[in-house]
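The lines below spell out each chain.
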Amino acid sequence: MSEYQEMADLLLPDVTETPEQVLARYPRRELPNGAKVTRFAPSPTGFLHIGGLFTAMVNRLVSKPGGVCFLRIEDTDKKREVADGVTGIIQGLSGFGIHFDEGRTGPDSESGDYGPYLQSARRMIYRTFVKSLLAQGKAYPCFCTEEELSALREKQEAQKLTPGYYGEWAVYRDITLDQAKQNLSEGKPFVIRLKSPGSMERRVSFKDGVKGKIEMPENIQDVVILKQDGIPTYHFAHVVDDYLMGTTHVIRGDEWISSTPIHLQLFYMLGLKAPNYAHVSPIMKEEDGGKRKLSKRKDPEASVEYYREQGVPAQSVMEYLMTIANSNFEDWRRQNARTPISEFPFKLNKMSASGALFDLKKLQDVSKNVISLMPASEVYDLAADWAKQYDGELFTLLSRDPQYATAIFDIDRTPVKPRKDIGKWSDVRDYVSYFYDELWDGQYDLPQNVTPADAAAIVKAYRETFRPEDDRDAWFGGLKDLCEPLGFAREVKVYKKDPSSYKGHVGDVSGIIRVAVTGRRNTPDLHSILALLGKERVLARLDRFQKAMEAME
């Protein structure tokens, strides 16, 4: 038995399997030619970030059609793990329509043949591969304390050298079996480090799916691959997992670009084929004329919970994320207004290499368009669901008469040119307020071109001729008939030819009725509003308005 093998047995006596035995349990996936296997692999250390949702969406899109996208939970950092972190991630992604073909489905459940999909449950798998590296002399135990490592860094900085644990600075790189036994007998804790074959003179290059060819210095650091607690580092665990799980494309945030040489070296040292890498640029925010990365600490919109609270539909968020994922999405959407996002021909190489700007105003515009295309029944259901959690009074009113509420949302919801008044469910209270006496503030947004006296006269005349049973043509014809006796032109074009002869036109007359009934100058179709409010309520509001105008004379 070689000294390396004795070292491996000494350090990891609990490992009895070989890498070959592990590999036999993870056969290569049988997939259609060209199919891609992607994964989303978050850590349960906090809320679901909008950047995480973005990356998950990209992984899901790249895997289709014919491929696999799985969810792996990387929970090796137990100190930072939060309660219900796994549940929060899974529910958060599901709420935005991100579903996986296999992987973790709950804190204690999963589906698929390539698990466990929870890294803490794969401890012995990692230790098996670490032991193999030890047995080959490609890894070694390091007994350095934090104080010793700090002193080492200070010396390197004083000599203006690259900081780290490498080459001559790797104190335990050539540790003997006897030295290891002695340290263990003294109860000294240790980590396992990779014995890097890297050189400062060499460079490594790889083709990034988003950024193109990247060339970087080769890794020279003897990185830790197994921590003192026996848990692997992220670097080592993800390499082993991605090979065993058949990942073809690792799509992740570009903060990991600097670590890619380490990962490629680990694949090489383990004798495993590396996947393709694609590094997604961070979502940026404009600030003080510049750009910065969207911050979990500074920006409430960084959390996906923000969009739930505001009532931005999940569909709107995903639609907007697509606009910043591929620059040609908006053109495609204009030509395919009602086609599901999943049918868009997404391309990794069309993603921004520098980071897309997150614009809440643009999100609002996108969301208005999304909601405008929903049937009224869906708008009601989603608005009521949101209100039930975030606006109890609104929920009570909407649910009191669902048919009435749905009819409100159905006004001007035409397939050709629907109105775009609602961008989020928190807008609904204001949008429907004049349909409910409990919400209407009774204020009037009066136009400046009509005097209170004329406004009172218009409403008085209209009240006497108001017939709720009239269809739209008859109703509008009745409005025209009111105009000339009140000094207004029946037709807008007539008024424009000779404005000095009239107080206004039929549009001004209908505008006053609109203000009298709703308090607003801009609303959906007035005829539909009058019909829905009903005769009794319309007459009461006309009387109230007339009195208010007469009091102003």
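Refer to the structure above for everything that follows.
Residues numbered from 1 in each chain as written. Predicted model: local features only at pLDDT ≥ 70, side-chain atom pairs only at ≥ 80, totals over all residues. Heavy atoms only, no water.

### Remarks on the overall build of the chain
Helix and strand counts for the chain come out as 23 helices and 15 strands. Relative to its length of 553 residues, the chain is extended, with a C-alpha radius of gyration of 33 Å against a globular reference of 24 Å. For the chain, with 553 residues in total, the buried portion stands at 50%. Contacts in the chain between residues far apart in sequence, at least 24 positions, make up 73% of those at least 6 positions apart. Looking at the chain as shown, the accessible area adds up to about 26900 Å², and 49% of this sits on carbon and sulfur atoms. Charge-centre separation for the chain: the mean point of 75 positive side chains lies 3 Å from the mean point of 80 negative side chains. (Helix = DSSP H or I, 4+ residues; strand = E, 2+ residues; numbered from the N terminus. Rg over C-alpha atoms; globule rule 2.2 N^0.38 Å. Buried < 20%, exposed > 50% of the residue type's maximum accessible area, 1.4 Å probe, protein only. Contact = heavy atoms within 4.5 Å. Areas by Shrake-Rupley, 256 points an atom, 1.4 Å probe, with all protein chains shown as cover. Lys, Arg positive; Asp, Glu negative; His and termini not counted. Charge placed at Lys NZ, Arg CZ, Asp CG, Glu CD.)

### Points about the packing of helix α21 (residues 506–518) against helix α22 (residues 526–533)
Angle between the axes and distance between the axes are the two parameters that describe a pair of packed helices. The N-to-C vectors of α21 and α22 enclose an angle of 35 degrees; their axes lie 11 Å apart at closest approach. Relative to α22, α21 is oriented so that their crossing is left-handed. The segment α21 lies against α22, with S510, I513, R514, V517 and T518 engaging L526, I529, L530 and L533. Of the residues in the contact of α21 with α22, the class split is six nonpolar, two polar and one charged. (Axes fitted to C-alpha atoms, helices over the stretch in contact; angles between N-to-C directions. Left-handed = near helix turned anticlockwise from the far one by under 90°. Nonpolar A, V, L, I, M, F, W, Y, C, P; charged D, E, K, R; others polar.)

### Some words on the sheet that holds strand β2 (residues 68–71)
The mixed open sheet is built from four strands, whose spatial order is β1-β2-β3-β4. Looking at strand neighbours, the two that pair on one side only are β1 (37–40) and β4 (109–111), the edges of this open sheet. Geometrically, the sheet is characterised by an average inter-axis angle of 25 degrees between neighbouring strands, direction not taken into account. The pairing of strand β3 (residues 102–106) with β4 spans three bridges and is classified as antiparallel. Directly across from G103, in β4, lies its bridge partner S111. Against the sheet, helix α3 (residues 50–63) engages β1 and β2, with an angle of about 165 degrees to β1. (Pairing = 2+ DSSP bridges.)

### Focus on the packing of aromatic side chains
Within the structure shown, the criterion is met by 19 aromatic pairs. Ring centres of Y26 and Y114 lie 6.3 Å apart, and the angle between their planes is 45 degrees; this geometry places the pair in the tilted category. One end of the pair, Y26, is in the loop between α2 (19–24) and β1; the other, Y114, is in the loop between β4 and α5 (123–135), with 88 residues separating them in the sequence. In this structure, Y26 and Y114 share a single accessibility class: buried. Centre to centre, the rings of F143 and F190 are 5.6 Å apart; their planes meet at 50 degrees, and the pair counts as tilted. Of this pair, F143 sits in the loop between β5 (139–142) and α6 (146–158) while F190 sits in the loop between α7 (177–185) and β6 (191–194), and the two are 47 residues apart along the sequence. On the basis of relative accessible area, F143 is assigned to the buried category, the value being 3%. Site record: aromatic cluster; members linked through ring pairs are Y306, Y307, Y320 and F358. The ring centre of Y243 lies 4.2 Å from the NZ or CZ of R28, which sits over that ring. (Phe/Tyr/Trp six-rings, centres within 6.5 Å; stacked < 30°, edge-to-face > 60°. Lys NZ or Arg CZ within 6 Å of the ring centre and 35° of its normal.)

### Description of the nonpolar core
Formed by 105 residues in total, the largest nonpolar core has its most connected members in L321 and F409. With eight residues, α3 is the single largest residue contributor to this core. Setting aside residues no more than four positions away along its own chain, F409 makes contact with A376, V379, Y380, A383, L398, I422, V428, Y431 and V432. Counting 62 residues, the second largest nonpolar core, distinct from the first, contains L133, I192, M216 and L266. (Core = buried A, V, L, I, M, F, W, Y, C linked by side-chain atoms within 4.5 Å.)

### Regarding the pattern of salt bridges
With the rule as written, the count across this model stands at 40 salt bridges. The salt bridge partner of D242 is R39, with a shortest N-O separation of 2.9 Å. Taken together, the residues D242 in helix α8 (residues 234–244) and R39 in strand β1 connect sequence positions 203 residues apart. Neither D242 nor R39 differs from the other in exposure class; each is buried. Where D299 meets R292, a salt bridge forms, and the shortest distance between an N and an O atom there is 2.8 Å. Of the two residues, D299 and R292, neither departs from the other in class, the shared state being buried. The network of salt bridges with shared partners includes R39, R72, E74, R122, D241 and D242. (Salt bridge = Lys/Arg side-chain N within 4 Å of Asp/Glu carboxyl O.)

### Quick notes on the pairing of strand β7 (residues 203–208)
Regular strands have side chains that alternate between both faces of the sheet. Of the two faces of β7, only one is covered, namely that formed by V204, F206 and D208; the face formed by R203, S205 and K207 stays uncovered. Pairing analysis gives six bridges linking β7 to strand β8 (residues 212–217), with the strands arranged antiparallel. Directly across from K207, in β8, lies its bridge partner K213. Hairpin connection from β7 to β8: three residues lie between these consecutive antiparallel strands.

### A short note on the sheet that holds strand β9 (residues 224–226)
The strand order across the open sheet built from three strands is β5-β6-β9, with neighbouring strands paired in antiparallel fashion. Each of the sheet's edge strands pairs with one partner strand only, and the pair in question is β5 and β9. For this sheet, the mean inter-axis angle between neighbouring strands, taken without regard to orientation, is 45 degrees. In this structure, β6 lies alongside β9, joined through two bridges in antiparallel fashion. Opposite R193, over in β9, you have V224 as the bridge partner.

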